[in-house]
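If you want the building blocks of each chain, they are given just below.
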Amino acid sequence: MVETSYYILLSASLFTLGILGVLVRRNAIVVFMSVELMLNAANLAFVAFARQQGNIDGQVLVFFVITVAAAEVAVGLALLVTIFRNKQTADVDAISQLHG
Amino acid sequence: MSFELVIFLVTAAIALTGGVGMIVARNTVHSALFLLLNFFAIAVLFLLLHSPFLFAIQLTIYAGAIMVLFLFVVMLLGVESIEDRTKDRLAGQLWLSVVLTLILMVQAITITLLAEPVESQAHNTALLDQLADPALIGAKLFTTYLLPFQITGVILLVGIVGVVVLHQRAHLYGPLSETEREFAAQYVAERATSGQPAEPAS
């Protein structure tokens, strides 16, 4: 049996990697992928805690997270395609029309 | 060191490699494939945590559907190219974000290591094997979590409608009126006689 804290350590590391990706990368698609990485890290923590508590609710929540993530990716990528059609770029710095 | 711990360590190393590789890779397709590696590693960890249902869901939804969406859009738009970092809008933002993220990571790790040990069911293999049954998740979904389940269905519907609307701009603004059509025909005709190619409408 692997300690729950090991899973939490891995989850925390993956989550911070996702934050780093969002902050560092300028390509909107890679930023999206980093968000997915963070969601996955949260899922891992959910399942680890569900095992620790001997409770299935954590797994049900992961099911919800995955479903919402799928919807989010579909809409987000559709937005990206629309932006790319208008701007010819996926660079998040180029999308600054609301900048004063 | 137990066999399970070895598997965990190897899988964790693969997951971290996938995460780091996704951020470091300059080619967007490579980023997507590193993310796929990470998804597979997380799926194996779900299996280690006695949840075979989530293992299957992770592989089919994440590694299957979501990755196909990502790769499809990357290749459709042709944005595999290298980012231009020379015209950064916020100078020094790169290093500041690396330092702040490292601080956050150290904080998270310290808090996890300092946490008081709580009573754990993780060694109770009989209970965990019982809980690994997907039928239990289904029962929870349709009793305790019925309302969230329905809301998730609505979210998926909103996602479908949103994607269709975003990809059908013409329907947003209605069909072209008679005058607009005449103007467009006139514009194309003028361009054709003057020898300039008609610009594609944005």
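Residues numbered from 1 in each chain as written. Chains lettered and ligands numbered in written order. Predicted model: local features only at pLDDT ≥ 70, side-chain atom pairs only at ≥ 80, totals over all residues. Heavy atoms only, no water.

Student: What am I meant to see in the overall build of chain B here?
Tutor: What chain B contains, in helices and strands, is 9 helices and 0 strands. For chain B, the sequential pattern of α-helices and β-strands runs α-α-α-α-α-α-α-α-α. Of the contacts formed within chain B by residues at least 6 apart in sequence, a portion of 49% connects residues at least 24 apart. For chain B, the accessible area works out to roughly 12,900 Å², and carbon and sulfur atoms hold 72% of it. (Helix = DSSP H or I, 4+ residues; strand = E, 2+ residues; numbered from the N terminus. Contact = heavy atoms within 4.5 Å. Areas by Shrake-Rupley, 256 points an atom, 1.4 Å probe, with all protein chains shown as cover.)

Student: What is the right way to read the pattern of salt bridges from this model?
Tutor: Note on pairing: side chains with opposite charge can pair once their charged atoms come close. Applying the stated rule across the entire model yields 1 salt bridge over all chains. Between Asp 57 of chain A and Lys 140 of chain B there is a salt bridge whose closest N-O contact spans 3.2 Å. One end of the pair, Asp 57 of chain A, is in helix α3 (residues 57-87); the other, Lys 140 of chain B, is in helix α6 (residues 134-142), on a second chain. Accessibility expressed as a relative area gives 24% for Lys 140 of chain B, which makes it partly exposed. (Salt bridge = Lys/Arg side-chain N within 4 Å of Asp/Glu carboxyl O. Buried < 20%, exposed > 50% of the residue type's maximum accessible area, 1.4 Å probe, protein only.)

Student: What should I look at first to understand the interface of chain A and chain B in this one?
Tutor: When the parts come together, some accessible area is lost, and that loss is often what is quoted as the size of the interface. Taken together, the 68 residues of chain A in the interface contact 79 residues of chain B. With both sides pooled, the region where chain A packs onto chain B buries about 7,100 Å², and carbon together with sulfur makes up 75% of that total. Seen at the junction of chain A and chain B, the total is 1 salt bridge. Joining chain A to chain B, the criterion identifies 9 residue pairs in polar contact (both at pLDDT 80 or more). Among the residues making up the side of chain A that touches chain B, the classes are represented as 42 nonpolar, 19 polar and 7 charged. (Buried area = accessible area lost by both parts, 1.4 Å probe. Polar contact = N/O pair within 3.5 Å; in protein donor to acceptor, adjacent residues only side chain to side chain. Nonpolar A, V, L, I, M, F, W, Y, C, P; charged D, E, K, R; others polar.)

Student: Where do I start with unusual backbone geometry in this structure?
Tutor: In terms of backbone geometry, most residues other than glycine have negative phi values and most peptide bonds are trans. Residue and element names in this part refer to chain B. For His 50, which is not glycine, the phi dihedral falls at a positive 65°. By the secondary structure assignment, His 50 is in the loop between α2 (28-48) and α3 (52-77). Exposure remark for His 50: the relative accessible area of 22% places this residue in the partly exposed category.

Student: I would appreciate a short explanation of the side chain of Gln 52 of chain A in the present structure.
Tutor: As for its placement among the helices and strands, Gln 52 of chain A is situated in helix α2 (residues 28-53). Dropping the residues within four chain positions of it, Gln 52 of chain A is found in contact with Thr 4 of chain A together with Val 118, Glu 119, Ser 120, Gln 121 and Ala 122 of chain B.

Student: I keep staring at empty space enclosed by the protein and nothing clicks. Help me out?
Tutor: Rolled over the atoms, a probe sized like a water molecule indicates the empty space that remains. Enumeration according to the criterion identifies 1 cavity of 30 Å³ or more in this entry. Counted as a void, the largest cavity has a volume near 60 Å³. Around the largest cavity, the lining residues are Val 47, Ala 50, Arg 51, Asn 55, Ile 56 and Gln 59 of chain A together with Leu 49, His 50, Leu 128 and Leu 131 of chain B. Going through the elements one at a time, α2 of chain A together with α5 (125-131) of chain B are the ones with two or more residues in the lining of the largest cavity. Tallying contributions element by element places α2 of chain A first for the lining of the largest cavity, with 3 residues. A per-class count over the lining of the largest cavity returns 6 nonpolar, 3 polar and 1 charged. (1 Å grid on protein atoms, 1.4 Å probe; cavity = no way out; pocket = protein on both sides within 12 Å on 5 of 7 lines; lining within 4 Å. Points joined across faces, edges and corners; volume = space filled by probe spheres on them.)

Student: Got a minute to help me understand the nonpolar core in this structure?
Tutor: A general trend in soluble globular proteins is that nonpolar side chains are found buried together. In this structure, Tyr 7, Leu 14, Ile 29 and Leu 44 of chain A together with Phe 8 and Phe 70 of chain B are the most contacted members of the largest nonpolar core, which totals 63 residues. Among the secondary structure elements, those contributing two or more residues to this core are α1 (4-24), α2 and α3 of chain A together with α1 (3-24), α2, α3 and α6 of chain B. For Leu 44 of chain A, the contacting residues outside a window of four places in its chain are Tyr 7, Leu 10 and Ser 11 of chain A together with Ile 42, Leu 45, Phe 46 and Leu 49 of chain B. (Core = buried A, V, L, I, M, F, W, Y, C linked by side-chain atoms within 4.5 Å.)

Student: Sorry, what's going on with the packing of α3 of chain A against α3 of chain B here?
Tutor: Packed helices, taken two at a time, are described by their axes: the angle between them and the distance between them. For the pair α3 of chain A and α3 of chain B, the least separation of the axes is 11 Å and the interaxial angle reads 5°. Relative to α3 of chain B, the element α3 of chain A lies roughly parallel. In this structure, α3 of chain A uses Gln 59, Val 62, Phe 63, Ile 66, Ala 69, Ala 70, Val 73, Ala 74, Leu 77, Val 81 and Phe 84 of chain A to contact α3 of chain B, whose residues at the interface are Phe 53, Leu 54, Ile 57, Gln 58, Ile 61, Tyr 62, Ile 66, Leu 69, Phe 70, Val 73 and Leu 77 of chain B. (Axes fitted to C-alpha atoms, helices over the stretch in contact; angles between N-to-C directions. Parallel < 35°, antiparallel > 145°, perpendicular 65-115°, else oblique.)

Student: Would you mind going over the packing of aromatic side chains with me for this structure?
Tutor: Both the distance between ring centres and the angle between the ring planes are used here to describe each pair of aromatic rings. Enumeration over the complete set of coordinates arrives at 7 aromatic pairs over all chains. Consider the rings of Tyr 7 of chain A and Phe 8 of chain B, whose centres lie 4.6 Å apart with planes at 65°: the pair is edge-to-face. Placement of the pair is Tyr 7 of chain A in helix α1 and Phe 8 of chain B in helix α1, with the two residues belonging to separate chains. Of the residues examined, Phe 8 of chain B reaches a relative accessible area of 4% and is grouped as buried. (Phe/Tyr/Trp six-rings, centres within 6.5 Å; stacked < 30°, edge-to-face > 60°.)

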